[in-house]
Amino acid sequence: MTTPFSSRLPAALGRWWRPAIVVLGIVVLLRVLDGPGESFWTQVVTRAMILVLFAVSADLVWGYTGVFTLGHAIPFGVGGYTAGLLADRFGWSEVLLLSLAAAVAAAAIGAITGLLLFLGRQPLTAIAVSLTTLALSFVAERIAFGWSFLGAANGLPGLPIPTLFGWRIEPGVPFFIAALVSLFVAYVASSHLVESRVGLVMRAVRDDEVRAAYLGYAVGHIRFAVFVASNALAGLAGALFALHEGFVGPTQIGVVLSTQVLLWLVLGGRGVLLGAVIGVAIVEVAGRGIADEYPRQWPVILGVVLLVFVTALPGGIVDGWRRLRDRGRTGRSSSGGVEVASASTGSGAS
Amino acid sequence: MTTLVGTDLGVQYGSFRALDGVSLELRPGHITGLIGPNGSGKSTLLHTLAGFLKPTTGRVELGGTDVTSWQPYRRARSGLSIKFQVARIYTQMTVAENVHLALQTGRPVRRLLRSADDVVDRDRTQALLAPFQLDDHLDVIAGELGHGHQQRLELAMVAAHGPSVLLLDEPTAGMSPDERRGVGQWVTSFADRCAVLIVDHDLDFVRSISTTITVLNQGQHVATGTPAEIEAHPDVRRVYLSHV
Ligand SMILES: Nc1ncnc2c1ncn2[C@@H]1O[C@H](COP(=O)(O)OP(=O)(O)OP(=O)(O)O)[C@@H](O)[C@H]1O
Ligand SMILES: [Mg+2]
């Protein structure tokens, strides 16, 4: 944190070599799993990366500013429908433009919702925020189901393959690369944000909004800003998802997806960006095999796992792993001279 | 120079009147001690002045402006600061991060996105923590501090915020007499820049540092005066005799 600029670059490299190796490993694995001319597993992982992008955006809101939104599929779906409509009805194909339009549309929706949630004269309580977002998600799903312009229950199928500067981004290796680049950029930007002093303020707002307010922070404004930015990111993810699947429909804006994204964060861990990656990896990639094998039992298995996590490991897998690691290091954790309070504070934002 | 004035403040919890028509004026350079038996409404009064509670009657003025409807962050930006009875610090953050949060308010977001500030703030943080003997605990997680240290960390945060009106709710609770004297000296030194309201159950302590004392009982104002006047006041004696 306090390194001078000259040594920052190697430090940054030091941080990213491990993820780089993981990505390399995944690429090699995909070459093995997908035979020549096939791209099934490449597409599974591409889809997962897009969902990680979505989960990261949800973590910024829930994990870092403590807003338990039950409507995070709204910006995802708005992004998806925006890209879908522009591609399907208006013949847009440039993926950069489609993504940008989707992000802007989702941010605009986020600004309207955020105004209602955070900038009223009397700030809403946490419960009211959750219930409002839940209701909005429900409404969004109903609208998508009922409105023929959006394809109603069928959604918009058969979306054309997007292009990047005229180059076709087919599902498979090209889309894999596009998703990887998007995720990398968003992830690096998000981690820079949450580790900066702005991130410190976000956590302060999450942990004790009264104290934050008495230090002079406009809690509502901060939550609003993060919410809008996060909605834009979710809109981008929604657009990529729709373009990758060649389809956008009501499930991509509804209540189920809104809760699913929270589930990934519960499993992986919130308030830590890596949690989003791990949560999605477990449920959407590893869990996929089980889900295909035992489709009826899968929701029950997932429910039980979730219950175990909420009660026994509320900080998620990342937090659990860190504790295990720290346990190996105890003995020098608390420095001498300080009276150490007997009660240790549990982690986790509510 | 900012004066905080509360006029005719009333607070109702359901049908229970926790505060009933209390008025109070806090002037720069003055330390006002607020005393009264348990449950007499001291914290309720502080919370109302701070804007944490909305009064059912009366108004609050800060530097001549009516701030009754202002949200807490606006009052804080106008120079109001409060230390709560139960320390409100960030237990999952380090001591230094807690102070940074107080130091960096009002800085533009662009600066907060750069990490270079850490170097600059470290010395200031250390200096701010020194009066509270916390300057060698910069990287300790605040939740691992003992109770007294947590109280003092909150005081350091409040000081870092640079208030012109300071509300202190039992800042020395759970401290040794020595620590208490230290806090007393710090409050006194702070008061020449600032209007201070301090709640404490140690009457000798309050008498020793206050210029004015206000007494509450059952949500009502009993008396206001110099420490000597309050000591001699018949109503005050009655309140304390009937409770102690
Ligand atoms: N949220 C609340 N709801 C209902 N009653 C409350 C609430 N908060 C405080 N009270 C009541 O209001 C009265 C005044 O409380 P307050 O905390 O202001 O007293 P206090 O003088 O600060 O007491 P202490 O010396 O114990 O801190 C008490 O009788 C208390 O029980
Ligand atoms: Mg009290």
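Residues numbered from 1 in each chain as written. Chains lettered and ligands numbered in written order. Predicted model: local features only at pLDDT ≥ 70, side-chain atom pairs only at ≥ 80, totals over all residues. Heavy atoms only, no water.

Asker: Would you explain the overall build of chain B in this entry?
Answerer: A count of helical and extended segments in chain B gives 10 helices and 10 strands. Computed over its C-alpha atoms, the radius of gyration of chain B comes to 18 Å, within 12% of the 18 Å expected for a compact globule of 244 residues. Judged by the C-alpha coordinates and their principal axes, chain B covers about 60 × 40 × 35 Å. Per-residue burial over chain B gives 55% buried out of 244 residues. The long-range share in chain B, meaning contacts at least 24 apart out of those at least 6 apart in sequence, stands at 66%. As displayed, chain B has an accessible area near 10300 Å², and 50% of this comes from carbon and sulfur atoms. The averaged location of the 26 negative side-chain charges in chain B is 6 Å from the averaged location of its 23 positive side-chain charges. (Helix = DSSP H or I, 4+ residues; strand = E, 2+ residues; numbered from the N terminus. Rg over C-alpha atoms; globule rule 2.2 N^0.38 Å. Buried < 20%, exposed > 50% of the residue type's maximum accessible area, 1.4 Å probe, protein only. Contact = heavy atoms within 4.5 Å. Areas by Shrake-Rupley, 256 points an atom, 1.4 Å probe, with all protein chains shown as cover. Lys, Arg positive; Asp, Glu negative; His and termini not counted. Charge placed at Lys NZ, Arg CZ, Asp CG, Glu CD.)

Asker: I would appreciate a short explanation of the sheet that holds strand β1 (residues 4-13) of chain B in the present structure.
Answerer: By definition, the strands of a sheet pair up through backbone hydrogen bonds, in either a parallel or an antiparallel sense. All names here are of chain B. Strands sit in the order β2-β1-β4-β5 across an open sheet of four strands; the sheet is antiparallel. Among the strands making up the open sheet, the edge pair consists of β2 (16-26) and β5 (65-66). Alignment of strand β4 (residues 57-62) against β5, held across two bridges, turns out to be antiparallel. Bridge pairing in β5 places Glu61 opposite Asp66. In the packing of helix α1 (residues 42-50) onto the sheet, contacts are made with β1, β2 and β4, and the angle to β1 comes to roughly 120°. (Pairing = 2+ DSSP bridges. Axes fitted to C-alpha atoms, helices over the stretch in contact; angles between N-to-C directions.)

Asker: Sorry if this is basic, but what is going on with helix α6 (residues 147-160) of chain B here?
Answerer: Counting along an α-helix, one turn takes 3.6 residues, and residues three or four places apart therefore face a common direction. Residues and elements named next belong to chain B. Counted at 1.5 Å a residue, the expected span for α6 with its 14 residues is 20 Å, and the 20 Å between its end C-alpha atoms agrees. Summarising burial for α6: 13 of the 14 residues are buried, a large majority. Within two residues after α6, Gly162 carries a phi angle of roughly 65°, on the positive side. (Expected span 1.5 Å × (residues − 1).)

Asker: What exactly am I supposed to notice about the sheet that holds strand β7 (residues 165-169) of chain B here?
Answerer: Residues and elements named next belong to chain B. Strand order in the open sheet formed by six strands is β6-β7-β8-β3-β9-β10, with mixed pairing between adjacent strands. Looking along the sheet, the strands with just one partner apiece sit at the ends: β6 (80-83) and β10 (220-225). Within this sheet the neighbouring strands show an average axis-to-axis angle of 15°, counted without direction. Across four bridges, the pairing between β6 and β7 is parallel. Bridge pairing links Ser81 to Leu166 in β7. Against the sheet, α6 touches β6 and β7, its axis set at about 180° to β6. Across the face of the sheet, helix α7 (residues 177-190) comes into contact with β3 (31-35), β7 and β8 (195-199) while running at roughly 160° to β7.

Asker: Quick question: what am I supposed to make of the domain arrangement of chain A here?
Answerer: Size of an interface, as often reported, equals the accessible area lost when the parts are brought together. All names here are of chain A. Looking at chain A, the domain boundaries give domain 1 (15-304) and domain 2 (315-350). A separation of 31 Å is found between the C-alpha centroids of domain 1 and domain 2. Counting residues at the interface gives 13 residues for domain 1, matched by seven residues for domain 2. In total, domain 1 and domain 2 occlude about 690 Å² of area from one another, counting both sides; carbon and sulfur atoms represent 61% of this. One can count zero salt bridges joining domain 1 with domain 2. One can count three residue pairs in polar contact (both at pLDDT 80 or more) joining domain 1 with domain 2. (Domains from an automatic or database assignment. Buried area = accessible area lost by both parts, 1.4 Å probe. Salt bridge = Lys/Arg side-chain N within 4 Å of Asp/Glu carboxyl O. Polar contact = N/O pair within 3.5 Å; in protein donor to acceptor, adjacent residues only side chain to side chain.)

Asker: It is not clear to me how the coordination of the magnesium ion (ligand 2) should be interpreted in this structure. Could you clarify?
Answerer: Ideal geometry at a metal centre: 109.5 degrees between donors when four sit tetrahedrally, and 90 or 180 degrees when six sit octahedrally. Here the magnesium ion (ligand 2) is held by B:Ser43 (OG) and B:Gln85 (OE1), and the distances to it run 2.0 to 2.2 Å. Here B:Ser43, found in helix α1, pairs with B:Gln85, found in the loop between β6 and α3 (95-103); they are 42 residues apart in sequence, far enough to count as distant. (Donors = N, O, S within 2.8 Å, 3.2 Å for Na, K, Ca; no water.)

Asker: Looking at this structure, I do not really get the site of ligand 1. What am I missing?
Answerer: Residue and element names in this part refer to chain B. Close to ligand 1 lie 14 residues; Asn38, Gly39, Lys42, Ser43 and Thr44 are nearest. Taking Gly41, its main chain carries an N or O atom lying 3.0 Å from an oxygen atom of ligand 1. Summarising the interface, the protein chains cover 61% of the accessible area of ligand 1, which totals 640 Å² for the free molecule. Secondary structure elements with two or more residues in the shell around ligand 1: β2 and α1. Here the shell around ligand 1 gets three residues from one element, more than from any other, and that element is α1. (Near = heavy atom within 4 Å.)

Asker: Hey, could you run me through the side chain of B:Gln104 in this one?
Answerer: Tracing the sequence through the fold places B:Gln104 in the loop between α3 and α4 (109-112). For B:Gln104, a relative accessible area of 0% corresponds to the buried category. Here A:Arg197 takes part through its side chain, which lies 2.7 Å from a polar atom of the side chain of B:Gln104.

Asker: Would you explain the nonpolar core in this entry?
Answerer: By size, the foremost hydrophobic cluster in this structure holds 60 residues, and its most contacted members are A:Leu53, A:Phe54 and A:Trp264. Aside from chain neighbours lying at most four places away, what touches A:Trp264 is A:Leu51, A:Phe54, A:Ala55, A:Leu257, A:Gly269, A:Gly275, A:Gly279, A:Val280, A:Val283 and A:Glu284. Membership of the second largest hydrophobic core comes to 49 residues, among which are A:Val205, B:Tyr73, B:Leu155 and B:Phe205. (Core = buried A, V, L, I, M, F, W, Y, C linked by side-chain atoms within 4.5 Å.)

Asker: Explain the domain arrangement of chain B to me, please; I cannot follow it from the model alone.
Answerer: All names here are of chain B. The domain boundaries assigned to chain B delineate domain 1 (1-79 + 165-244) and domain 2 (86-161). Centre-to-centre separation of domain 1 and domain 2, based on C-alpha positions: 26 Å. Counting residues at the interface gives 13 residues for domain 1, matched by 11 residues for domain 2. In this assembly, domain 1 packs against domain 2 so that about 900 Å² is buried in total across both faces, 72% of it on carbon and sulfur atoms. Taken together, the links from domain 1 to domain 2 amount to one salt bridge. If you look at where domain 1 meets domain 2, you find two residue pairs in polar contact (both at pLDDT 80 or more). Secondary-structure elements contributing two or more residues to the side of domain 1 that touches domain 2 are β7 and α7.

Asker: How should the pairing of strand β9 (residues 212-217) of chain B be read in this particular structure?
Answerer: Residues and elements named next belong to chain B. By the criterion of burial, β9 is predominantly enclosed, with five of the six residues buried. The sheet contact formed by β3 and β9 spans four bridges and is parallel. Residue pairing in the sheet places Thr32 in a bridge with Thr212 of β9. Here five bridges tie β9 to β10, and the two strands are oriented antiparallel to one another. If you follow Val215 over to β10, its bridge partner there is Ala223. Connecting β9 to the next strand, β10, in antiparallel fashion are two residues, including Gln218 with a positive phi near 45°.

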